[in-house]
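Given next are the chains, with one letter for each unit.
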Amino acid sequence: MEEQIAELAAQVAALEGRGALTNTMFAEMFYYITIPLMIIIHAGFLAYEMGASRAKNALSSGVKNILAFAFVIPAFYFFGWWIYWGLPQGFSGAAGPNGLSGAEFANSIAWGWGESAAFMGPNLSDQISGVFWGAFALFAATTASIMSGAVIERIQTVGFVILAIILGGFSWTLAAAWGWHADGWLVLNWGVHDFGAAGLVHAVAAFFALGVLINLGPRIGKFNADGSSNDLPGHNMPFTATGLMLIIVGFWGFLMACVVVGGEAWSWGGNYATIYGTPITLGALAFNILMSIAGGIIGAWIYTKDPFWMMSGALAGIISAASGLDLYFPALAFIVAFGAGIILKPCASILERMGIDDAVGAVTVHGTIGIYGMLMLGIVGAGYPAALGEGAATISLIGQLVGAVVFIAIGLITGYGSSLILRMLGMLRVPEAAEIAGLDTVKVPAQAYPEGILASAPAAE
Amino acid sequence: MFGFPYDNGGTWDGVDGAVFMGANGGAGTFTVIAIIICVVALVIGQLAENGKYKKHSARV
């Protein structure tokens, strides 16, 4: 009898071990899959920007976008990851109440040297750090791509890459540490809740771009002497619209990566949770992402009838509901997104009337709508606990407003400051003659359309 | 209609079930509003499209 019990216990232990291993492999696979999904965002931004450029700048816009990805990823490895874990309590580097933050904690897991290097490279006893870092690195790269579209056709390549590194490695990461971390002071003190990063990714990147645009200035020919503006249409609207659709596909990976898988030592419990530890299901994302895409498109269609703005409306729809995708009722997400689609184009026009040449509407789609989304959650989600545990701050309009102001400030100050320095160093804007000639012909050793855009050959009989 | 649908001291502890805004009543209102938006959008879209056709016919 005792032998049978011992055998049964051994079998139970083996089953538990296999179950735990399966859960670990699931968690690892979960984040691993989000990485290529988020790379689709970059495929989309690449197509979107090249299509939105005039033919003479199509490839140089692509080069810039590709390099942003290439430099932001290592920058996030070198220091971005440390900022996220080290500074949730502010620049003091103090540890937070959940024991998941502070300079000491970050020193132990997030540097690519010393003892912490064990967590920053292949390690058979650590199946999460690599994929979790990878997902965050793609968030970082996304911020750079958001900025990239706004500044096309007149920014220097290296100057842009430096800005991308600052945005992707520092600015958004600081915002995430403060407002997207269980120990973040914005979360603990103000109840900031931004599940899908409407503020800390989209708005930070957009206001960073706005700061850059102020120093960069408009493209030649955009504004007339009397202040009126001219349309400088891109050379390939279908390519741009397709790119926007790819971005939307990729955002499923982005939002999936905002979920914390359950059942592991680092999890919030046995089931899915938000990064704040609050409960969520993937079903919530399916309901609310789809409904918000639809609402954004319909809102933009009513106002513009323009496929560029309709697809931008789809993106704006997701961004507008992103803060509360875990909490919205689907029809409410649709209503919020519909509002975003309606206000999108008028907000972009206001920005243009202020003399800002945002070539793809990035400041509006990501910035204005990101802030709109944060504030809408503050209104309709007031009273929800923003984080896990007793005594957690609740979501409120004031809290969301404070978070929004902080995110705007982080983006605007770092974007304006860094681009001002680059301008003083002569590294921001391309020479006038190069801009007029077209950047492809000046610096890209390839042609976008060597045969021009021809009528197709006759079909075979 | 809005706000946390559970009266348990403002914590997620022990919460199980629907957590969305309107879970304790009012969700249907959002659905009705969303339906109305869709119908009104179609009506406005149809009027605008007809207007374009008429404008085009007048020019031809």
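These numbers were taken from a predicted model, which means no experiment stands behind them.

Thresholds applied
- Residues numbered from 1 in each chain as written.
- Chains lettered and ligands numbered in written order.
- Predicted model: local features only at pLDDT ≥ 70, side-chain atom pairs only at ≥ 80, totals over all residues.
- Helix = DSSP H or I, 4+ residues; strand = E, 2+ residues; numbered from the N terminus.
- Rg over C-alpha atoms; globule rule 2.2 N^0.38 Å.
- Buried ≥ 20, exposed ≤ 12 C-beta atoms within 10 Å, placed from the backbone.
- Contact = placed C-beta atoms within 7 Å.
- pLDDT = per-residue confidence, 0-100.
- Axes fitted to C-alpha atoms, helices over the stretch in contact; angles between N-to-C directions.
- Parallel < 35°, antiparallel > 145°, perpendicular 65-115°, else oblique.
- Left-handed = near helix turned anticlockwise from the far one by under 90°.
- Nonpolar A, V, L, I, M, F, W, Y, C, P; charged D, E, K, R; others polar.
- Expected span 1.5 Å × (residues − 1).
- Bend = angle between axes of the 7 residues up to and from the residue.

A. The overall build of chain B, seen in detail. Of regular secondary structure, chain B possesses 1 helix and 0 strands. Relative to the 2.2 N^0.38 estimate, which gives 10 Å for 60 residues, the radius of gyration of chain B is 22 Å and therefore markedly larger than a compact globule would have. Over its C-alpha atoms, taken along the principal directions, chain B stretches across nearly 70 × 15 × 15 Å. Burial status across chain B gives 17% buried among its 60 residues.

B. Examining the overall build of chain A more closely. Secondary structure assignment for chain A yields 15 helices and 2 strands. Since a compact globule built from 461 residues should have a radius of gyration of about 23 Å, the 23 Å found for chain A is in line with a globular shape. The dimensions of chain A, computed from C-alpha atoms along their principal axes, are 90 × 60 × 45 Å. Split into buried and exposed, the 461 residues of chain A put 55% on the buried side. Sequence-distant contacts in chain A: of pairs separated by 6 or more residues, those separated by 24 or more amount to 76%.

C. Molecular detail of the confidence of the model for chain B. The predicted model of chain B averages 92 in pLDDT, with 100% of residues at 70 or higher. Interface confidence for the predicted complex, expressed as ipTM, amounts to 0.96; the pTM equals 0.96.

D. Spatial organisation of the packing of helix α12 (residues 362-380) of chain A against helix α13 (residues 397-424) of chain A. Residues and elements named next belong to chain A. One can describe the packing of α12 onto α13 by two numbers: an axis separation of 7 Å at closest approach and a directional angle of 165 degrees. On the basis of their axis angle, the class for α12 and α13 is roughly antiparallel. Relative to α13, α12 is oriented so that their crossing is right-handed. Facing α12, whose interface residues are Ile371, Met374, Leu375, Leu377, Gly378 and Ile379, α13 presents Leu397, Gly399, Gln400, Leu401, Gly403, Ala404 and Ile408. Each residue belonging to the contact of α12 with α13 can be placed in one class, and the counts come to 9 nonpolar, 4 polar and no charged.

E. Region of the structure containing helix α2 (residues 58-86) of chain A. Taking 1.5 Å per residue, 29 residues should reach 42 Å; α2 of chain A reaches 40 Å between its end C-alpha atoms and fits that length. Tyr77 of chain A marks where α2 of chain A bends most, by close to 55 degrees.

F. Region of interest: the environment of Tyr416 of chain A. All names here are of chain A. Structurally, the position occupied by Tyr416 is in helix α13. Taking the C-alpha atoms as reference, Tyr416 lies 8.3 Å from Ala209; in sequence the two are 207 residues apart. Discounting chain neighbours no more than four positions away, the residues touching Tyr416 are Gly211, Ile214 and Asn215.

G. Summary view of the interface of chain B and chain A. Taken together, the 23 residues of chain B in the interface contact 25 residues of chain A. Taken together, the residues of the side of chain B that touches chain A sort by class into 16 nonpolar, 6 polar and 1 charged.

H. Structural context of helix α11 (residues 330-353) of chain A. Residues and elements named next belong to chain A. End to end, α11 covers 35 Å across 24 residues, agreeing with the expected 34 Å (1.5 Å per residue, within 8%). Its axis deflected by about 35 degrees at Ile343, α11 carries its strongest bend there, up to four residues before the proline Pro346. When you tally the buried positions in α11, you get 18 out of 24 residues, the bulk of the element. One or two residues past the end of α11 sits Gly355, with phi positive at roughly 90 degrees.

I. Structural view of unusual backbone geometry. Residues and elements named next belong to chain A. For Glu153, which is not a glycine, the phi torsion comes out positive at approximately 75 degrees. Tracing the backbone through its elements, the reader meets Glu153 in the loop between α4 (129-150) and α5 (157-179). Glu153 gets classed as buried once you count the C-beta atoms within 10 Å, which come to 25. Non-glycine residue Lys305 carries a positive phi angle of around 60 degrees. Mapped onto the elements of the fold, Lys305 is located in the loop between α9 (282-304) and α10 (307-322). Using a count of 13 C-beta atoms within 10 Å as the deciding quantity, one classes Lys305 as partly exposed.

J. Up close: the packing of helix α7 (residues 198-216) of chain A against α12 of chain A. All names here are of chain A. At a minimum axis distance of 8 Å, the contact between α7 and α12 shows a crossing angle of 140 degrees. Here α7 lies oblique to α12, going by the angle between them. With respect to the hand of their crossing, α7 and α12 are arranged in left-handed fashion. The segment α7 lies against α12, with Ala198, Gly199, His202, Ala203, Ala205, Ala206, Phe207, Ala209 and Leu210 engaging Ala362, Val363, His366, Gly367, Gly370, Ile371, Gly373 and Met374. Of the residues assigned to the contact of α7 with α12, the class counts are 11 nonpolar, 6 polar and no charged.

K. The environment of Gln156 of chain A, seen in detail. Residues and elements named next belong to chain A. Structurally, Gln156 can be placed in the loop between α4 and α5. The buried category is assigned to Gln156, around which 21 C-beta atoms lie within 10 Å. Separated by 283 residues in sequence, Gln156 and Leu439 have C-alpha atoms that sit 9.5 Å apart. Not counting residues within four places of it along the chain, the set of residues in contact with Gln156 comprises Met427, Leu428, Arg429 and Val430.

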